[in-house]
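Examining the three-dimensional arrangement
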Amino acid sequence: MADIVIEPGKSKLSQWRRIADAPASVALHADAWSAIERSRNAVETALASGEAIYGVNTGFGKLAQKRIPDNELKLLQRNLVLSHAVGVGEPLSDSVTRLVMALKVSSLARGHSGVRRVVVERLLDLVNRSILPEIPEKGSVGASGDLAPLAHMSCVLIGEGFARVNGKRMTGAEALKQAGLQPVVLEAKEGLALLNGTQVSTALALAGLVAAEANIEAAFIAGALSTDAIKGSDTPFDARIHEARGQPGQIECAAVLRGLMKDSAIRQSHIKCDRVQDPYSIRCQPQVFGPCLDMIRYAANVFAIEANAATDNPLVFDGGDVLSGGNFHAEPVAIAADALAIVISEIGALAERRIALLIDSTLSGLPPFLTEDGGVNSGFMIAHVTAAALASENKSLAHPASVDSLPTSANQEDFVSMATFAARRLTNMNANTANILAVELLAAAEGIEFHRPLKSSPALEAAHALIRKNSPRFDKDRFFAPSIVATQELVSARAFETLLKASLRLPSVD
């Protein structure tokens, strides 16, 4: 029995997350095969009628007016795949490549693509035998679909291109032979159905979404821990303040922060202190986290719909209609990915400001740079510089990709989405933010040490213990970088997820 069953049009984000996270056996829901066969029959009927159908018996793009004779239809599809495999750059990661293939299975199985059963079966074979096509990360403008990267995926189906099998690079032909599989000889429309579609943009966007979820989880922990470390107030998280505004994400985020700080002895120790207000990076966390959470959910909804969509062209419908449209245009993914980029940048930018606060003794009340023997020890001085560099880089990367367009195919494809880059840059942005959060978590954990024997809340002490498991206290200077790496791995692995499950529900979580 398969670990994951793809039900076209109905698969959940949590399923796509599982496919990306680790190799798993994947199957198609039994009810989907009949729709695949119906759509193929419709293509065969349309071909037999002699009518001209875009990409089936005509050329592509600007060459769409060129009619192709019947005896060259197979060659047309093969040539399409080979000529479009023009990607450059580093290969997509194993996790994203698995996701691309699974998403393409789901799209073809909607029953609007007109491919034969064997095409879908072979894609499933690649997924289940961990034969990962080598897909260069650059070369798509997100319309007409992710043509170049999906061509590289499709090359392996026909015994061309390159693939990775258990980490070893080999030709597509070698990979198929080693697995005992025959190359697929593409029939009319099948090459076009494989290459049209938004699966690469969507896979990259889904990976960016899951990583952004990990970052906002860690940001809640880091923000609450920093608040306690500077002996900040939890009064700004009072429910009445946020209900007076009415923004739902803000209300929810304030509740999460209240829950994390509940029963903190450090907080109780300064209830009646003289400080009137904390800086915005502490006081306004719900007002920043709230819209970030709202945007994560917006993006997740767009990506969930796209992951279940039929996005090639033309599309085949019951009754035999074969309609040419533009579902390959990835503008929904591009705009949602741009929104997510802003979220990722803001989470990191706010964390950088809290790090600056923690190391500034005039505002935090903690020793300068979080070291008691300053001068001979630099403490967190340069760790903050790293965080500042990453935050600045993210601000540049957050510029929206979707506002750009360059015409292609001799102006036939005159307005494109740039969704692939919009989604691809999320990987680097998330990595930057995860490292900023790692520095803050270390700094906040260090700040807590100066208040011992007082303890923070049970939830934050549990987080503190996770941090300390791989990174002891900085009582004197030492080689710093390994602690950032170890703590960033906690962030990316979603080690703090269990501490938030009762109060925070994120889209990719079952």
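A brief report on the enclosed structure follows. (Residues numbered from 1 in each chain as written. Predicted model: local features only at pLDDT ≥ 70, side-chain atom pairs only at ≥ 80, totals over all residues. Heavy atoms only, no water.)

Summing up its helical and strand segments, the protein chain has 21 helices and nine strands in all. The C-alpha radius of gyration computed for the protein chain amounts to 26 Å, which stays within 12% of the reference 24 Å derived for 510 residues, consistent with globular compactness. Taking the principal axes of its C-alpha atoms as reference, the protein chain extends roughly 85 × 50 × 45 Å. Expressed as a percentage of its 510 residues, the buried residues of the protein chain come to 56%. Residue pairs at least 24 apart in sequence account for 78% of intrachain contacts in the protein chain once pairs closer than 6 positions are excluded. Summed over its atoms, the accessible surface of the protein chain is roughly 20800 Å², and 54% of this surface lies on carbon and sulfur atoms. Counting 49 positive and 55 negative side-chain charges, the protein chain places the averaged centre of each group 3 Å from the other. (Helix = DSSP H or I, 4+ residues; strand = E, 2+ residues; numbered from the N terminus. Rg over C-alpha atoms; globule rule 2.2 N^0.38 Å. Buried < 20%, exposed > 50% of the residue type's maximum accessible area, 1.4 Å probe, protein only. Contact = heavy atoms within 4.5 Å. Areas by Shrake-Rupley, 256 points an atom, 1.4 Å probe, with all protein chains shown as cover. Lys, Arg positive; Asp, Glu negative; His and termini not counted. Charge placed at Lys NZ, Arg CZ, Asp CG, Glu CD.)

Spatial strand order, 4-6-7: three strands in an open sheet with antiparallel pairing. Edge positions in the sheet fall to strand 4 (131–133) and strand 7 (168–171), since each has one partner strand and no second. With strand direction ignored, the average angle separating the axes of adjacent strands in the sheet is 35 degrees. Where strand 6 (residues 162–165) lies against strand 7, four bridges are found, and the strand directions are antiparallel. Along strand 7, the bridge assignment pairs F162 with T171. Contacts from helix 7 (residues 172–179) reach strand 4, strand 6 and strand 7, with the element oriented near 100 degrees to strand 7. (Pairing = 2+ DSSP bridges. Axes fitted to C-alpha atoms, helices over the stretch in contact; angles between N-to-C directions.)

Let us look at the packing of aromatic side chains. To describe a pair of aromatic rings, you give the distance between the ring centres and the angle between the ring planes. Summed over the entire model, instances satisfying the criterion amount to four aromatic pairs. One cation-aromatic arrangement involves R169 over F162; the distance from NZ or CZ to the ring centre is 3.9 Å. One cation-aromatic arrangement involves R478 over F474; the distance from NZ or CZ to the ring centre is 3.8 Å. (Phe/Tyr/Trp six-rings, centres within 6.5 Å; stacked < 30°, edge-to-face > 60°. Lys NZ or Arg CZ within 6 Å of the ring centre and 35° of its normal.)

It is worth spelling out empty space enclosed by the protein at this point. Space left empty within the atom packing is revealed by a probe, the size of a water molecule, rolled over the atoms. All chains considered together, the criterion is met by two cavities of 30 Å³ or more. Lining the largest cavity are E217, E497, L500, K501, L504, R505, L506 and V509. For the lining of the largest cavity, a count of residues per class yields four nonpolar, no polar and four charged. Looking at the second largest cavity, its volume works out to about 30 Å³. Mapped by element, the contributors of at least two residues to the lining of the second largest cavity are helix 9 (199–229) and helix 14 (285–307). (1 Å grid on protein atoms, 1.4 Å probe; cavity = no way out; pocket = protein on both sides within 12 Å on 5 of 7 lines; lining within 4 Å. Points joined across faces, edges and corners; volume = space filled by probe spheres on them. Nonpolar A, V, L, I, M, F, W, Y, C, P; charged D, E, K, R; others polar.)

A separate point is the side chain of S144. You can see S144 is positioned in the loop between strand 5 (136–138) and helix 6 (147–157). Here the side chain of S144 touches E413 through a polar contact of 3.3 Å, side chain to side chain. Those residues in contact with S144 that lie beyond four places of it in its chain are L195, N196, F328 and E413. (Polar contact = N/O pair within 3.5 Å; in protein donor to acceptor, adjacent residues only side chain to side chain.)

We now examine the side chain of Q488. Residue placement: Q488 occurs in helix 20 (residues 481–492). Setting aside anything within four residues of it in sequence, one finds Q488 in contact with A434, N435 and A438.

Helix 6 packs onto helix 5 (residues 117–128) with a crossing angle of 95 degrees between their chain directions and a minimal axis gap of 10 Å. Taken together, helix 5 and helix 6 sit at an angle that is classed as roughly perpendicular. Contacts between helix 5 and helix 6 involve R122, L123 and L126 from the first element and M153, V156 and L157 from the second. Here the residues of the contact of helix 5 with helix 6 sort into five nonpolar, no polar and one charged. (Parallel < 35°, antiparallel > 145°, perpendicular 65-115°, else oblique.)

For the rest of this paragraph, the subject is helix 18 (residues 419–449). Counted at 1.5 Å a residue, the expected span for helix 18 with its 31 residues is 45 Å, and the 45 Å between its end C-alpha atoms agrees. Residue T427 marks the point of greatest curvature in helix 18, where the axis turns by about 25 degrees. (Expected span 1.5 Å × (residues − 1). Bend = angle between axes of the 7 residues up to and from the residue.)

Now for unusual backbone geometry. Residue S144 is bonded to the preceding A143 through a cis peptide linkage, with omega at 5 degrees. Of note, the amide linkage connecting N313 to P314 takes the cis form, showing an omega dihedral of -5 degrees. Topologically, P314 is positioned in the loop between helix 14 and strand 8 (315–316). Not every positive phi belongs to a glycine, and K231 is a case in point at roughly 55 degrees. Looking at the secondary structure, you find K231 in the loop between helix 9 and helix 10 (239–245).

Another aspect to go through is the layout of surface pockets. Approximately 760 Å³ is the volume found for the largest pocket. Taken together, 36 residues make up the lining of the largest pocket; nearest its centre are S95, V96, A207, A211 and T427. At the level of secondary structure, the elements contributing two or more residues to the lining of the largest pocket comprise helix 1 (13–21), strand 3 (88–91), helix 4 (94–108), helix 9, helix 18 and helix 20. Per-element accounting of the lining of the largest pocket gives the leading share, nine residues, to helix 9. Residues that form the lining of the largest pocket fall into these classes: 19 nonpolar, ten polar and seven charged. A volume near 450 Å³ is recorded for the second largest pocket. If you trace the second largest pocket, you find 26 residues lining it, with A143, S144, L147, S409 and E413 closest to the centre. Here the residues of the lining of the second largest pocket sort into twelve nonpolar, 13 polar and one charged.

Any functional reading would require information that these geometric values do not contain.
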